[in-house]
Amino acid sequence: MPVPATAAPPAAGTTHLPRHVAIIMDGNGRWAKKRFLPRFAGHKAGVEAVRAVTRAARAMGIEALTLYAFSSENWRRPEEEVSDLMGLLRLFIRTDIDELVRENVRLRVIGDYRRFSADLVAQVEDAIERTAGNSGPILVIALNYGAQAEIAAAARRLAAKAADGALDIAHIDEAAIEAELDTSDLPPLDLLIRTSGEVRLSNFLLWQAAYAELLFIDTLWPDFDAAALERAVAEFGRRQRRFGGL
């Protein structure tokens, strides 16, 4: 069941911190509709939530934060909305990259972002390059990302290596597949949050979520803030992770 937005605050002395948190940022459109605003206003408010949550994650000491910004299925949305989302991505990179550099944050992008327009691809790659030498927390943006496509691409790469004789098929195991995923250089996923009350993964980090703690909350993404992240992390800290054991 979704966790209500009024969940208890973090318990005093909570130290069980997830290394890697991922968020399906859902509810921008419903947030705008409730206020009789255009959907673009919801997406714009969602960008402000991204800023608040990324700063809060850094302050809490979370090593990696992965945000589902644009899925491979989002191309099905109206052309005007896709254009608006691309514009907001450009704005976020342009206005926030200096802060990421200054705060020692390394920007990573997963997904086939090269499908975007050439100027946006150049902007994304410039931002990645500017933060590549940073050694602090990692901000991962999922752009044109789909987990099924990611796993299929990993399988194709392993199959090609096997066909070339560079890999024994008997050695294709979980570790071999993980090494081919977009997230191979990230800490294991500990906590996956979805906002807005929807209870599904929507083709996001399907492999990585195998043993992640899942948290579905009713809060719409533009209303998700530092306090909401703290409550989510506190909930994570109260859970017992057995990984199949006792």
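All residue numbers here refer to positions counted from 1 along the written sequence of the relevant chain. Restriction of local features to residues with pLDDT of at least 70 applies here, the model being predicted, together with a cutoff of 80 or more for giving and counting side-chain atom pairs; totals for whole chains, interfaces and linings are based on all residues. The basis for every side-chain value is the complete set of heavy atoms in the structure, and neither hydrogens nor water enter the calculation.

(A) Expanded view of the nonpolar core. Ranked by size, the top nonpolar core spans 45 residues in total, and within it Ile23, Phe116, Leu143, Ile193, Phe224 and Leu229 carry the most contacts. A run of H or I in DSSP becomes a helix once it reaches four residues, and a run of E becomes a strand once it reaches two; helices and strands are each numbered from the N terminus. The greatest single-element share of this core, amounting to nine residues, is contributed by helix α3 (residues 79–102). Should any heavy atoms of two residues lie within 4.5 Å, those residues are considered in contact. In contact with Ile23, not counting residues within four places along its chain, are Val53, Leu65, Thr66, Leu67, Tyr68, Ile193, Phe204, Trp221 and Phe224. Val140, Leu192, Phe204 and Ala212 belong to the second largest nonpolar core, which has 17 residues in total. As used here, the term nonpolar core means buried Ala, Val, Leu, Ile, Met, Phe, Trp, Tyr and Cys residues forming a set that is joined through side-chain atoms within 4.5 Å. Note on exposure labels: buried denotes an accessible area under 20% of the residue type's maximum, exposed denotes more than 50%, and partly exposed covers the range between, all computed with a 1.4 Å probe on protein chains only.

(B) Highlighting the packing of aromatic side chains. We call Phe, Tyr and Trp rings a pair once their centres come within 6.5 Å, taking the six-membered ring for Trp, and we label the pair stacked below 30 degrees between planes, edge-to-face above 60, and tilted otherwise. Under the counting rule described, the total for this entry stands at seven aromatic pairs. Here the aromatic rings of Trp75 and Phe116 are separated by 5.6 Å at their centres, their planes lie at 55°, and the arrangement is tilted. Pair noted here: Trp75 is in the loop between β2 (64–71) and α3 and Phe116 is in the loop between β3 (106–110) and α4 (118–131), with a separation of 41 residues, a long-range link. A relative accessible area of 27% places Trp75 in the partly exposed class.

(C) View of the environment of Glu79. Looking at the secondary structure, you find Glu79 in helix α3. Along the backbone, Glu79 and Ala118 are 39 residues apart, and their C-alpha atoms lie at a distance of 17 Å.

(D) Focus on the confidence of the model for the protein chain. pLDDT measures how confident the predictor is about each residue, on a scale from 0 to 100. Per-residue pLDDT for the protein chain has a mean of 92; in total, 93% of the residues score no lower than 70. Confidence drops under a pLDDT of 50 for residues 1–15, and excluding neighbours within four residues, the segment shows 22 contacts in the predicted structure.

(E) Broad picture of the sheet that holds strand β5 (residues 191–194). Two strands pair under a simple rule: DSSP has to find at least two bridges between them. Taking strand neighbours across the sheet as the criterion, the six strands line up as β3-β4-β2-β1-β5-β6 in an open arrangement whose pairing is parallel. Of all strands in the sheet, those bounded by a partner on one side alone are β3 and β6 (213–216). Looking at each pair of strands side by side, their axes are set apart by 20° on average, direction ignored. Both β3 and strand β4 (residues 138–145) contribute to a ladder of five bridges, which runs parallel. Fitted lines through C-alpha atoms serve as axes, helices being fitted only where they are in contact, and the angles separating the N-to-C directions of these axes extend from 0 to 180 degrees.

(F) Quick look at the pairing of β4. Among the eight residues of β4, eight are classified as buried, and the element is accordingly described as predominantly covered. Of the crossover connections in this fold, the one passing from β3 over α4 to the parallel β4 is left-handed. For crossovers, right-handed means that the path from the first strand over the helix to the second runs clockwise, given strands pointing away from the viewer.

(G) Up close: the environment of Gly136. You can see Gly136 is positioned in the loop between α4 and β4. Looking at Gly136, the relative accessible area reads 23%, which means it is partly exposed.

(H) Examining α4 more closely. One less than the residue count of a helix, multiplied by 1.5 Å, gives the span that helix is expected to have. Along its 14 residues, α4 runs 20 Å from first to last C-alpha, staying within 8% of the 20 Å computed at 1.5 Å per residue. Regarding α4, the residues found buried are Leu120, Val121, Gln123, Val124, Ala127 and Thr131. Projected onto a plane normal to the axis of α4, the buried residues spread over an arc of 165° and lie on a single side. Residues of α4 that are exposed and point over 90 degrees away from its buried face: Ala118 and Glu129. The directions from the helix axis to the C-beta atoms are what the arc is built from.

(I) Structural view of the pattern of salt bridges. By convention in these notes, a salt bridge is any Lys or Arg side-chain nitrogen within 4 Å of a carboxyl oxygen on Asp or Glu. Throughout the structure, instances matching the rule amount to 24 salt bridges. The partner of Glu213 in a salt bridge is Arg239, and the shortest N-O contact between them spans 3.1 Å. Of this pair, Glu213 sits in strand β6 while Arg239 sits in the segment after α7 (226–238); the two residues are 26 residues apart in sequence, bridging distant segments of the chain. The structure contains a network of salt bridges with shared partners spanning Asp190, Glu213, Glu235, Arg238, Arg239 and Arg241.

(J) Here's a closer look at the packing of helix α2 (residues 39–60) against α7. Relative to each other, α2 and α7 sit at 50°, their axes nearing to 9 Å. With respect to each other, α2 and α7 are oriented oblique. You can see that α2 and α7 cross each other, and the crossing is right-handed. Contact residues: Val53, Ala56, Ala57 and Met60 in α2; Ala226, Leu229, Glu230 and Val233 in α7. By definition in this entry, angles of less than 35 degrees are roughly parallel, angles greater than 145 are roughly antiparallel, angles of 65 to 115 are roughly perpendicular, and the rest are oblique. Note: crossing handedness is left-handed where the near helix turns anticlockwise from the far helix by less than a right angle, and right-handed where it turns clockwise.

(K) Molecular detail of the packing of α2 against α3. Where α2 meets α3, the axes come as close as 10 Å, and the angle between the chain directions of the two elements is 30°. In terms of axis orientation, α2 runs roughly parallel to α3. The hand of the α2/α3 crossing is right-handed. Where α2 approaches α3, its residues Arg39, Phe40, His43, Lys44, Val47, Val50, Arg51, Arg55 and Arg58 are matched on the opposing element by Glu81, Asp84, Leu85, Leu88, Phe92, Thr95, Asp96, Glu99 and Leu100. For this classification, the nonpolar set comprises Ala, Val, Leu, Ile, Met, Phe, Trp, Tyr, Cys and Pro, the charged set comprises Asp, Glu, Lys and Arg, and every other residue, Gly included, is treated as polar. Considered class by class, the residues forming the contact of α2 with α3 number seven nonpolar, two polar and nine charged.

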